[in-house]
Each structure stands twice: as structure tokens, then as C-alpha cells.
Amino acid sequence: MVQYTTKNEEGYFRHFVRGFVSIWEAQLQLDWNNLESLPNWTNVKPDTGPHLTRLPEELLPAIGKFIYIANDNTEKGVLKSDGLGEVDLLVRCLISISRNLDNIPLIASCDYIGLCISIASSIIQKIVCGNCEFETEGRTYCLSLCHLLECLYDPYFTWRHFSPTTKVPLETLTFQPALLHVEVIPFIYDCFQTDLVKKYPELSIELLNVLGAIVSGAESSLQFLSSEDDGESQSHKEPHKAEGHNALRSVCPATASLIMSVISDSSIIVDVRVVALRAFSAMVRVLQSTPPPQVSHLHHSSFLLFNNILNQIHFKMSTLINI
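What counts, and at which threshold
Residues numbered from 1 in each chain as written. Predicted model: local features only at pLDDT ≥ 70, side-chain atom pairs only at ≥ 80, totals over all residues. Heavy atoms only, no water. Helix = DSSP H or I, 4+ residues; strand = E, 2+ residues; numbered from the N terminus. Buried < 20%, exposed > 50% of the residue type's maximum accessible area, 1.4 Å probe, protein only. Contact = heavy atoms within 4.5 Å. Areas by Shrake-Rupley, 256 points an atom, 1.4 Å probe, with all protein chains shown as cover. Salt bridge = Lys/Arg side-chain N within 4 Å of Asp/Glu carboxyl O.

Draft legend 1. Looking closely at the overall build of the chain. Counting its secondary structure elements, the chain contains 15 helices and zero strands. Each of the 323 residues in the chain was classed as buried or not, and the buried ones make up 52%. Within the chain, residue pairs in contact and separated by at least 24 positions form 79% of the contacts whose partners lie at least 6 positions apart. Only carbon and sulfur atoms are counted for the fraction: they give 52% of the accessible area of the chain, which is about 14800 Å².

Quick look at the structure:
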């Protein structure tokens, strides 16, 4: 493996990445279109992916370098379909690496997500407007990015197996999700301010799945916040205090209004609206299970707005819940 990353030639690196992705995707067998193929929290193994210590040291820096170049080319308007396909391979490479859950903190600490979202934002604007010369490649790339975000924020796939009546047992979750990147929620919100949800419902579903994964994947660590109220020392869990907690950061007026607009729009296909309803259920459960002092950092008017939207959305549940 080392020969393809140590030689100062892009061709060798690309060859290595293609082989790496081919081998590990065949081994991991994550079929995102088939729920049954995705493990749930009871049988997720934290070391199914390759550990970073067994990979070339140059791999992650090289991935970052070429994603940066792709983003620069996107901003200049010179990224072509073959270049976008290469970036998609890099994202899929990160997915495989992230399936060793010990790798998630380091992957999340790099600049990958911000750069990848910047590329995706530009692509989505173009494909919605109908002036994208690589629509198929663009949609494929955005789907891969959504799956990477799910792996980072919900490594045990709790969202894909979400049930409003079932809570994940905390003691089975050894690894915490990555802390939410600041670019993710605005990216999802902005996508739904376009015609994406009507023109590309399958991509809209995956974006809603990312939102649901952020909430559901972090829900179990809310129990640590409750423990803090009981006077237990949680200094070693400091990154998950309320103001930095993924679930609470993603439950906000912007995402609540997004969910409301999707569920209440009868022109949007049912499949999209059902996923939005499931995300709504996850958000409600987070608010219900969070101790009041832990949501005090939310602006009072924002909290009232979210409650108001919940009241408006409640009557929709009886219509969609049986679909």
C-alpha cells in the first residue's frame, strides 16, 4: 500500500485509493438502499474498518490535499465530471476508514467536512438550476457525502433503526459520535430552500437522514447531561455539555421550520415526508428527555418558536403515522 502514497505522483495515489475503496466496500457491504444490510447498535463492531495505525501516514494528508484542490477548482468553475468522480472516491475512502470507530475523532478534526460541503453546495445549486454538466456524478457525490456524515454522527446507525418507542441502551455504545461541524445544519437548511426536495427527492431523503442521524446518534449521551444535574463529575465528557451537544445544536428554529415545511407540503412525495416525520419524532424525544437546565442556553424566543411549530405539526402525525 505504501508505494502508492509515498511516490510523488498523483496517478499512484489515485490507483491506491481505487483499490482501497474496492477492497473495503466489498468487505463492509454497506448497502444504504437496504436497511437490513446496515447493522444496528446491537451488532455494530467498532473495528470493522481499517485502523489508521495500519494505513500509510501520508494517506489522510493526501486525501485532504486533493479535496482542497477539488474545492478550489469548484470555486473557479473548472471542476469536471472525472475530477468530481475522484473526489467521490475520496469520500468513500473516508467512509471505510470511519467504520473503525476509533478513527472518527481524527477524521472529524480535519478539514474534510467543510471542504466537502462547500463542493456539495455548489453542485446542488447547479443541478437544481439545470445547468450542471455532470448531474449524475454530482448526485452520486452528494449521496456519498451524506453517508459519510451519517457514519461520523451516528456510528452505531441508531437512526436507520430508529423507533419512537425504543431507546438505545447506553451501555452498548462505547464510542461517541463526532462533534457536529458548524457547516452541516446551514447546508441542510439551504438545500431545502431550493427546489431540490421536488426535483431530487432521493437526495432530499438522504439529507433528512443526516439530520435524523445527528439527533438520534447523540441522543444517548444526553443521559450524561442528566447525570451532571445529579452532581456526578463528567469532566471527561466535557465536549458533550449542553451548548456543544449534537442533538441540542441540531434542534433549532431553522430545522424545526424545515421539518414543518416538508411535512405540511402535499406536493412533496410521501417518502420524503415520512422521513421528515421520523426526524421530527427524534427531535421531540430529545426535548422531552433533556433536563430543563440543559436547554437554558437556548434563546427563550427560539424555544417558544420550536414549541409553536410542534403544536402546528402535531395534527399531521395522525395522517402520516400509518403510511
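Draft legend 2. Here's a closer look at unusual backbone geometry. Phi is positive for Q29, which is not a glycine, with a value near 50°. Its location among the elements puts Q29 in the loop between α2 (10-28) and α3 (59-76). Its relative accessible area of 57% is what places Q29 among the exposed residues. Residues other than glycine seldom take positive phi values, yet F157 does so here, at roughly 55°. The residue F157 is located in the loop between α7 (135-153) and α8 (184-191) in this model.

Draft legend 3. How the structure looks around the pattern of salt bridges. Applying the stated rule across the entire model yields ten salt bridges. The salt bridge partner of E86 is R18, with a shortest N-O separation of 3.5 Å. Here E86 is found in helix α4 (residues 81-98), whereas its partner R18 is found in helix α2, with 68 residues between them in sequence. When its relative accessible area of 21% is taken as the criterion, E86 is described as partly exposed. On the basis of relative accessible area, R18 is assigned to the partly exposed category, the value being 38%.

Distances and angles like these do not, on their own, reveal function.
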